[in-house]
Structures are given as C-alpha cells and as structure tokens.
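Single-letter residue listing:
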Amino acid sequence: MSTADRRRIRRRILSWVPITVVAVICAGFVVAANVMQDSWWSAPEPTAAADQRSAKGMSVFTGTGIDYLTRDGYMKVELRDASESARSLGLDSDGSRTFEPIVPINAIMLGADGVIDLDLVRSVTVVSEDDRVAAVELLTDNDGAWTAAYAEVADVTSEWGFTPDDLDALRDDLTARSRSADGMPYRAALAEREYHGARVSAEIAVDPAASQVTARFVVKPR
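A brief look at the structure comes next.

## Here we look at the overall build of the protein chain
Part 1 of the argument: Check the secondary structure of the protein chain and you find four helices and eight strands.
Part 2 of the argument: Counting helices and strands in the order they occur from the N terminus, the protein chain gives α-α-β-β-β-β-β-α-α-β-β-β.
Part 3 of the argument: Of all 222 residues assigned to the protein chain, the portion counted as buried reaches 37%.
Part 4 of the argument: Restricting to contacts in the protein chain with at least 6 residues of sequence separation, those with at least 24 account for 56%.
Part 5 of the argument: For the protein chain, the exposed surface amounts to about 12600 Å²; the carbon and sulfur share of it is 53%.

Here's what the structure looks like:
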C-alpha cells in the first residue's frame, strides 16, 4: 500500500471521530432526559416518599429530605412541646446542620400559638439540643447593601411585633457601627422577643472587605 493510500485511509478514519463523539454526547443527553422524565424532580407536584417527610409531615434534613423540600419550595419545622425528636428529623441529638438550597425556599415554623413564615430563604441552619430542635436560623437574599437588608428586616420583624422604636434603634446602631468600623466587619441585632408562641430575633451583619451583607433571622421554641 502506498503512502498516499495510507493517508487517504487515515483521513477517512479521522473524519468519523467528530461524528462519533457527537453521537455519544447526544446519546448521553437522551439517557439523562429519560432519567429526569422518570424522576420526582420533574413532577409538577412531587409526592414525598417515606424518608422525605416525618410522620407528622415536617421536613427532614437528610439528603433526600433536603432534595424534596428544595423541589417543593417549602421547609416546615415544628417548635412546640409535642414536636418530634431531632433524630427522627435526620438531625443529631445535639448539634447543627446547615444547608443552602439551590433555589430560595419558604420557611414555615410552627410556634405554640401560630405560624411564623419567611420567604426567599437561601441558607438554613437547624440547631438541636437534647434531641429537640432548639433553633432555626435563616439567611435571606439581599442585594448586598445594609440599607436593603435593614428594609427587609424592618418589613419582616414589624409583623413579628417589633416596634418602630426597636427598628429605629437598629438603624441607628448600624449607622454608628458603619462609621467606626474602619473596614472591619460589624453587626447589629434586635433583641429576642416572643411571637406566636416562639422566640424570634434578627441580625444584620456587614463585611465591608467582602462587600457582603447578611440578614439573619432566628426562631426558637418558647
């Protein structure tokens, strides 16, 4: 076989390589699409499996439980005397678990006398003590300015019973700390109070160097 013949054969073989690669990629997309089609993630109204919600319908904080509440868009935690044990919710008896859903969710906490809810939650920390949920800490989305975070905190906490005087004091505290921080992180908080049979509080933390502002809400059993 001549050198020219070998070159023609090699070119013919190489010309098939891109086509083969494209075919493999397309096949992969088809398989993935079929898997997603059969997944509860693609269902318009997913139904929780036995390991994705507690016996009382509360959120559980295992991997599958967090997957479900993220897809459902709602996290529900009971903060009452008759609430389920921390271990039954996928938590340690004493400890904390933090997760960040891939999209913001709505958090619903059941206090002894009513419901506390917060939307656009981007991070959740559930704290457990003595095999009970001891606190739920929630971080929300904001645009990175402490004034915007303050407006959000004021909007939420005014419904939680904090007074205009409380909120004015929080704003004045933030303003004073921002002037004296000299580029260092600073924070200001609303003192804890009772609302709907639970204890609630809020805090704004500012890190000027990282251009990061965080609105943090905490709900605890009464």
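## Description of the pattern of salt bridges
Opposite charge on two side chains lets them pair, provided their charged atoms get close.
Part 1 of the argument: For the coordinates displayed, the defined rule picks out 14 salt bridges.
Part 2 of the argument: A salt bridge links Asp72 to Arg53; the shortest N-O distance between them is 3.5 Å. On the criterion of sequence distance, the pair formed by Asp72 in helix H2 (residues 63-72) and Arg53 in the loop between helix H1 (3-37) and H2 is long-range, its members being 19 residues apart.
Part 3 of the argument: On the basis of relative accessible area, Asp72 is assigned to the partly exposed category, the value being 25%.
Part 4 of the argument: Between Lys220 and Glu192 there is a salt bridge; the shortest N-O distance is 3.5 Å. Here Lys220 is found in strand E8 (residues 212-221), whereas its partner Glu192 is found in strand E6 (residues 186-195), with 28 residues between them in sequence.
Part 5 of the argument: Accessibility expressed as a relative area gives 25% for Lys220, which makes it partly exposed.
Part 6 of the argument: Given the relative accessible area of 39%, Glu192 is considered partly exposed.

## Examining the environment of Asp117
Part 1 of the argument: Structurally, Asp117 is set in strand E4 (residues 115-129).
Part 2 of the argument: On the basis of relative accessibility, which here comes to 45%, the residue Asp117 falls in the partly exposed class.
Part 3 of the argument: Sequence separation between Asp117 and Tyr74 is 43 residues, and the spatial gap between their C-alpha atoms is 9.9 Å.
Part 4 of the argument: Not counting residues within four places of it along the chain, the set of residues in contact with Asp117 comprises Asn106, Ala107 and Ile108.

## Section: the pairing of strand E7 (residues 198-207)
Both faces of the sheet carry side chains from a regular strand, because those side chains alternate between them.
Part 1 of the argument: Within E7, eight of the 10 residues are buried, leaving the element largely enclosed by the surrounding structure.
Part 2 of the argument: By the bridge criterion, eight bridges tie E6 to E7 in an arrangement that is antiparallel. Paired with Tyr195 across the two strands is Ala198, which belongs to E7.
Part 3 of the argument: Linking E6 back to E7 in an antiparallel pair, the connection comprises two residues, with His196 at a positive phi of about 55°.
Part 4 of the argument: Of the strand pairs in this sheet, E7 and E8 are connected by 10 bridges, and their pairing is antiparallel. When the sheet's bridge partners are listed, Ala202 is paired in E8 with Phe217.
Part 5 of the argument: The hairpin formed by E7 and E8 contains four residues between the paired strands, and Ser211 there has a positive phi angle of roughly 50°.

Rules used throughout
Residues numbered from 1 in each chain as written. Predicted model: local features only at pLDDT ≥ 70, side-chain atom pairs only at ≥ 80, totals over all residues. Heavy atoms only, no water. Helix = DSSP H or I, 4+ residues; strand = E, 2+ residues; numbered from the N terminus. Buried < 20%, exposed > 50% of the residue type's maximum accessible area, 1.4 Å probe, protein only. Contact = heavy atoms within 4.5 Å. Areas by Shrake-Rupley, 256 points an atom, 1.4 Å probe, with all protein chains shown as cover. Salt bridge = Lys/Arg side-chain N within 4 Å of Asp/Glu carboxyl O. Pairing = 2+ DSSP bridges.

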